[in-house]
Amino acid sequence: MLTTGITTVLAITVAGCSGSSAPEVDPDAADGWSQDFAGTELNVLAEATLNSEILAQLAPEFTEKTGIEVNIETAPFAQLVQSVTLDFSTAQGDYDVVSIPYDYLGAYAGSDYVEEITPLIEENDDKVGEDFDQDDIIPGLWETAATWDGKSYGMPSNSAVTMMMYRADLFENADEKAAFAAEYGYDLAPAQTWAQYRDIAEFFTRDAGETLAGDTLSEAMYGVTMAGKRHEAAVFEWMNYAGGFGGGVVDADGELIVDSDASVESLEYMKSLGEFAPPGFTSATWDEVTANLQQGIAAQAISWGDTAGAMEDESQSAVVGKIGYADVPVETEGDEHHALHGAWTYTISKQAVDKNAAYLFVAWALSESVQKQIGEMGGVPATRAAFEDPELVASLPSWPQQLLSLENALARPRNAEWPQILDQLALQVSTALVGDSTPQKALQDAQTEIEGILGDKLPLKAF
Amino acid sequence: MQAPSLVILALVLAFPLIYSVVLSFQSYSPVDAEADGRFIGFDNYIRMLGDEQFGRAVLVTIAYVVLAVGIETLLGTIVGVALSRLIRSRRIVTSALLLPMIATPLVVGLMFSFGLNPQFGYMTDFLRALGLVGEAGVLDSAGGAFAALVVMDVWEWTPFIALMVLAGLSAAPQAQIQAAELDGCNTFELYWHVMLPMIRPVLIVAVLFRATEAIRQFDQVYILTGGGPGSATTVNDIFQYRISFAAFDMSYGAALGVATFAVVATLSAILFRFLNRKGADA
């Protein structure tokens, strides 16, 4: 009995194996994609976001076209970076295509872990389908996501970018407009400058029992919501303000400007906003920012564009159709607006089983139909065609702003030491926000520590 | 006969240790092509001595271990003595006391993280109602966040001390207790002068266990505060994790690990020696 059972199981297993190891490719299904690599199996590691989930759902279409099998594994930020670093540094070759946060570009490209993409684009020009057009990838995004020291190492996998989100319904309310104009002497409108952003934050911060747009508030309303925990979320939040004030981490010449007057001013400004943020913002990350906006208890935030889908999702948001999307404010009206890139990048490992097959997968992920489906299913695409698609623009209120922000966004440094710099900034921003140090002292301390980390590499040649 | 097991032991214990020691004399980062594993002598150790942030992490760890284990020992002993006097409900109460200990540290961290959420947490509401915390909640200040970690550990591990005390009391020789009673000791004197000294070895083992566990506290801090605000709750393990796996400075991380190992091993040796002497006395 037992023997028969085992034999049956074995037979099924063997049959199963032989079925999957030689995929049948139908030339009619190719759509212009090469089937030369049929039978190759690719392992892809990507960040645990909607974009990756969508791609995993669509992957069978790629297999149908090319005969290449794809296994997509996902992991959250920190674990992904650790797995990838281990895999790359030990040359294990578990992953063929890895979506990395672009901050690690210098680390991985500088250590020669990932393939340069340009030769692969040229080599495989006749092997990709017609719905892939590399010129359609938004140039600034591609530059941030993949260019390191003059060479390109991948293609953008996720186009997260910051923007200002505000409660358009409140901003358009006649009573609120009148009250705001009476109090501040100018019309209520989406903030152009940081001073206006602060006025609006102050104006909308109200206790439970007060009136907001004609209704009595059952719980408190806050002018802003922001991330202030000792976490990268707080550093990225600060970099939005710093970009607006002309400060930041590194200037165009590669010199550190962490403790510059503009940087200090921007952190002081961020701290001053805390007064109008929900209590305990010093232990909040982007998750709480998104939740506060969705619950409708915050009037404004500088937040990530890839959360816009969550704002417009009726199953989890109380503010569907009420959020407006605009540029991140600036210091003085007329200054150039700057968002902050949060992009991720598909890179091809030097250990990939077949780098051309891996490239085909990346190209397919950025092809027009896949990019449009990513948009339709709530993700964030990386091509201009998807952001300008009339159907998507009509149904996604944040779409035009996402494109604008992508075009004016600044990049975080991407040098090999950035992880250490980020850690120091997270420490000092948090220290300043809880008042254990002044913004000036905190940023001076950060500058000193970072100078120690970088040593004689300053001024940075590539960043 | 023992050779195969010794070989395995050597492989799993000695190899990583030797590897860490070697690494601690190198400059190595998997994400920095310039930190390619070349030997740099004692540079990592010298850096450690001048590293203020490491110094602060050590102080935070010492304060954390002393406070958390101290409070647990005190409370645990009181609870253990109270338990020993229960007759009918002892078994139920003992089982209930096991509950916090069974929860994995990660889950405990998440429970407190929800409870202490400044906006929706039920613990925050409760503390606010008592007037103990302000609008911004517990985790907004250095002192509050640190206290939360200590309370979390005390909540989870006081039962452990209590159970050890209970076990010690149950095994205490009855003849001396009866003799003391005949000599006219009152209940307090009986515990203070007779029974607690008897269970001292058990208590020291319990404290030793707890202290070595608390020194490597990581999960709960990682979940609840991430080491913040500022560096208020950056205990040694969080600091080393950041160095090795967030900043990927593997060789400096190895040096920190080796130093921590040396300190903990020394502490354990001292405690074991102390324990042996006391054990012989008792």
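Here is what the cut-offs are and how they apply
Residues numbered from 1 in each chain as written. Chains lettered and ligands numbered in written order. Predicted model: local features only at pLDDT ≥ 70, side-chain atom pairs only at ≥ 80, totals over all residues. Heavy atoms only, no water. Contact = heavy atoms within 4.5 Å. Buried area = accessible area lost by both parts, 1.4 Å probe. Salt bridge = Lys/Arg side-chain N within 4 Å of Asp/Glu carboxyl O. Polar contact = N/O pair within 3.5 Å; in protein donor to acceptor, adjacent residues only side chain to side chain. Helix = DSSP H or I, 4+ residues; strand = E, 2+ residues; numbered from the N terminus. Nonpolar A, V, L, I, M, F, W, Y, C, P; charged D, E, K, R; others polar. Pairing = 2+ DSSP bridges. Axes fitted to C-alpha atoms, helices over the stretch in contact; angles between N-to-C directions. Patch = residues over 30% accessible without salt bridge, like charges linked within 9 Å, V, L, I, M, F, W, Y side chains within 5 Å. Areas by Shrake-Rupley, 256 points an atom, 1.4 Å probe, with all protein chains shown as cover. Lys, Arg positive; Asp, Glu negative; His and termini not counted. Charge placed at Lys NZ, Arg CZ, Asp CG, Glu CD. Buried < 20%, exposed > 50% of the residue type's maximum accessible area, 1.4 Å probe, protein only. Phe/Tyr/Trp six-rings, centres within 6.5 Å; stacked < 30°, edge-to-face > 60°. UniProt positions renumbered as here; feature names shortened; annotations may be inferred. Core = buried A, V, L, I, M, F, W, Y, C linked by side-chain atoms within 4.5 Å. Domains from an automatic or database assignment.

Engineer: Hey, could you run me through the interface of chain A and chain B in this one?
Structural biologist: Interface size is often expressed as the accessible area that is lost when the parts come together. Taken residue by residue, the interface counts 35 residues in chain A and 33 residues in chain B. Between chain A and chain B the total buried area reaches about 2600 Å² when both faces are included, carbon and sulfur atoms providing 49% of it. Of all residues in chain A, Gln82, Arg230 and Pro279 of chain A bury the most surface against chain B, accounting for 21% of the area lost on that side. Along the contact surface separating chain A from chain B lie three salt bridges. Arg242 of chain B is the salt-bridge partner of Asp423 of chain A, the closest N and O atoms lying 3.0 Å from each other. At the boundary of chain A with chain B, the tally comes to ten residue pairs in polar contact (both at pLDDT 80 or more). At the level of secondary structure, the elements contributing two or more residues to the side of chain A that touches chain B comprise α3 (77-89), α4 (105-110), α12 (286-295) and α19 (418-433) of chain A. Ranked by residues supplied to the side of chain A that touches chain B, first place goes to α19 of chain A with eight residues. Counted by class, the side of chain A that touches chain B contains 13 nonpolar, 15 polar and seven charged residues.

Engineer: Just to check I follow, could you spell out the sheet that holds strand β2 (residues 69-75) of chain A for this structure?
Structural biologist: Two orientations exist for strands paired in a sheet by backbone hydrogen bonds: parallel and antiparallel. Residue and element names in this part refer to chain A. Ordered by their spatial adjacency, five strands build an open sheet running β2-β1-β3-β12-β6, and the pairing between neighbours is mixed. The sheet is open, and its two borders are formed by β2 and β6 (155-158), each paired with just one other strand. Ignoring strand direction, the axes of neighbouring strands in this sheet form an average angle of 30°. Note that strand β1 (residues 41-47) and β2 share seven bridges and pair parallel. Residue Leu45 lies in a different strand from β2, and its bridge partner there is Glu73.

Engineer: Is there a simple way to think about a negative patch on the surface in this case?
Structural biologist: Residues and elements named next belong to chain A. A surface patch of negative charge is lined by Asp261, Glu265, Glu268, Glu331, Asp335 and Glu336. Note on placement: Asp261 falls in helix α11 (residues 261-273). You can call Asp261 exposed: its relative accessible area is 66%.

Engineer: Explanation requested: the packing of aromatic side chains in the structure shown.
Structural biologist: Two aromatic rings, taken as a pair, are described by how far apart their centres are and by the angle between their planes. Residues and elements named next belong to chain A. This structure, assessed with the given rule, holds 38 aromatic pairs over all chains. A centroid spacing of 6.2 Å and a plane angle of 85° characterise the contact between Tyr184 and Phe203, whose relative ring orientation is edge-to-face. Taken together, the residues Tyr184 in helix α8 (residues 174-184) and Phe203 in helix α9 (residues 194-204) connect sequence positions 19 residues apart. Both residues of the pair, Tyr184 and Phe203, count as buried. Ring centres 6.1 Å apart and planes at 25° place the aromatic pair Phe236 and Trp286 in the stacked group. One end of the pair, Phe236, is in helix α10 (residues 232-245); the other, Trp286, is in helix α12, with 50 residues separating them in the sequence. With a relative accessible area of 3%, Phe236 lands in the buried category. When its relative accessible area of 26% is taken as the criterion, Trp286 is described as partly exposed.

Engineer: It is not clear to me how the pattern of salt bridges should be interpreted in this structure. Could you clarify?
Structural biologist: Side-chain pairs of opposite charge can arise where the charged atoms are in close proximity. As enumerated under the stated definition, the model contains 23 salt bridges over all chains in all. The salt bridge involving Lys350 of chain A is made with Asp112 of chain A; its shortest N-O contact spans 3.3 Å. Of this pair, Lys350 of chain A sits in the loop between β12 (344-348) and α14 (355-365) while Asp112 of chain A sits in the loop between α4 and α5 (118-123), and the two are 238 residues apart along the sequence. Between Arg384 of chain A and Glu407 of chain A there is a salt bridge whose closest N-O contact spans 2.8 Å. On the criterion of sequence distance, the pair formed by Arg384 of chain A in helix α16 (residues 384-388) and Glu407 of chain A in helix α18 (residues 399-408) is long-range, its members being 23 residues apart. Through salt bridges with shared partners, a single ionic network connects Glu72, Asp153, Arg210, Glu213 and Arg216 of chain B.

Engineer: How should I be thinking about the sheet that holds strand β7 (residues 162-167) of chain A in this particular structure?
Structural biologist: Residue and element names in this part refer to chain A. Pairing in this open sheet of three strands is antiparallel, and the strands run β10-β7-β11 from one edge to the other. Of all the strands in the sheet, the pair left with one neighbour each is β10 (300-304) and β11 (323-326). In this sheet, neighbouring strand axes are inclined to one another by 35° on average, regardless of whether the strands run parallel or antiparallel. Taken together, the five bridges between β7 and β10 define a ladder with antiparallel strand orientation. Its bridge partner lying in β10, Met165 is registered against Ala301. Relative to β10, α12 is tilted by about 130°, and along the sheet it contacts β7 and β10.

Engineer: Looking at this structure, I do not really get the UniProt feature "domain: ABC transmembrane type-1" (unreviewed entry) in chain B. What am I missing?
Structural biologist: Taken from the UniProt record, the annotation "domain: ABC transmembrane type-1" (unreviewed entry) applies to residues 58-271 of chain B. Taken end to end, residues 58-271 of chain B has its terminal C-alpha atoms 20 Å apart, with 78% of it in helix and 0% in strand.

Engineer: Is there a simple way to think about the nonpolar core in this case?
Structural biologist: The tendency in soluble globular proteins is for nonpolar side chains to be buried as a group. Met155, Trp238, Val249, Tyr359 and Leu425 of chain A are the most contacted members of the largest nonpolar core, which has 123 residues in total. Residue assignment places this core across two domains, with domain 1 (41-160 + 342-410) and domain 2 (162-341) of chain A each supplying three or more. Discounting residues that sit within four places of it in the chain, Met155 of chain A has contacts with Ile117, Ile121, Phe132, Ile137, Trp142, Ala146, Trp344, Thr345, Tyr346, Tyr359, Val362 and Leu366 of chain A. Formed by 26 residues, the second largest nonpolar core is a distinct cluster that contains Val60, Phe146, Ala148 and Val221 of chain B.

Engineer: Looking at this structure, how should I read unusual backbone geometry?
Structural biologist: For residues other than glycine, phi is negative in most cases, and the peptide bonds are mostly trans. Cis geometry is adopted by the peptide bond preceding Pro459 of chain A, which originates at Leu458 of chain A and carries an omega value of -10°. Along the chain, Pro459 of chain A falls in the segment after α20 (439-454). Its identity as a non-glycine residue notwithstanding, Asp31 of chain A has a phi of 55°, on the positive side. Looking at the secondary structure, you find Asp31 of chain A in the loop between α1 (2-21) and β1. Although it is not a glycine, Phe248 of chain B sits at a positive phi angle of roughly 60°. On the secondary structure map, Phe248 of chain B appears in the loop between α11 (236-246) and α12 (250-281). Judged by its relative accessible area of 1%, Phe248 of chain B falls in the buried class.

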